[in-house]
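One-letter residues, chain by chain:
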Amino acid sequence: MRVSVQVREPRPGEGLRWRHSAYADATPRTVSLSVDDFRPIRPASGRAPLERLHALLFVMDTVNARPGDSRTLTVHAI
């Protein structure tokens, strides 16, 4: 499955977010994502402000899956 890994800076509403895409399947693997490689989601712009980030989100949506499908994502050592 394709996972959107997002970081969020608190702001009114949903805050500002930056994202990076990662692939996950049944094969255990180490995936390293540098915050410098995250891309802004409008209205955010520029690089993610590491010192102000307060949330890490793992988003799976139906773009790459069928509604009703079931998947498990295990995350270790963040």
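The structure reproduced in this document is the subject of the present report. Predicted model only: the values in this text are computed from it and were never measured.

Rules of the game
Residues numbered from 1 in each chain as written. Predicted model: local features only at pLDDT ≥ 70, side-chain atom pairs only at ≥ 80, totals over all residues. Heavy atoms only, no water. 1 Å grid on protein atoms, 1.4 Å probe; cavity = no way out; pocket = protein on both sides within 12 Å on 5 of 7 lines; lining within 4 Å. Points joined across faces, edges and corners; volume = space filled by probe spheres on them. Nonpolar A, V, L, I, M, F, W, Y, C, P; charged D, E, K, R; others polar. Pairing = 2+ DSSP bridges. Helix = DSSP H or I, 4+ residues; strand = E, 2+ residues; numbered from the N terminus. Axes fitted to C-alpha atoms, helices over the stretch in contact; angles between N-to-C directions. Buried < 20%, exposed > 50% of the residue type's maximum accessible area, 1.4 Å probe, protein only. Polar contact = N/O pair within 3.5 Å; in protein donor to acceptor, adjacent residues only side chain to side chain.

1. Quick look at the layout of surface pockets
By rolling a water-sized probe across the atoms, one finds the places where empty space is left.
Next, step 1: One number sums up the size of the largest pocket: a volume of about 890 Å³.
Next, step 2: Arg29, Val31, Phe58, Thr74 and Val75 are, among the 30 residues lining the largest pocket, the residues nearest its centre.
Next, step 3: When its residues are assigned to classes, the lining of the largest pocket shows 21 nonpolar, 6 polar and 3 charged.
Next, step 4: Lining the second largest pocket are 13 residues, and of these Met60, Asp61, Ala65, Asp69 and Arg71 sit closest to its centre.

2. With respect to the sheet that holds strand E3 (residues 39-41)
Two modes of strand pairing occur in sheets, parallel and antiparallel, and in both the strands are linked by backbone hydrogen bonds.
Next, step 1: Spatially, 4 strands are ordered E3-E2-E1-E4 in an open sheet, and the strand pairing comes out antiparallel. Of all the strands in the sheet, just E3 and strand E4 (55-59) have a single pairing partner and so form its edges. The sheet shows a mean angle of 35° between the axes of neighbouring strands, taken without regard to direction.
Next, step 2: Pairing of strand E1 (residues 2-9) with E4 involves 5 bridges; the strand directions are antiparallel. Bridge pairing in E4 links Arg8 to Ala55.

3. Quick word on the side chain of Ser4
Next, step 1: As for its position among the elements, Ser4 is in strand E1.
Next, step 2: Accessibility expressed as a relative area gives 10% for Ser4, which makes it buried.
Next, step 3: Here the side chain of Ser4 touches Gln6 through a polar contact of 3.0 Å, side chain to side chain.

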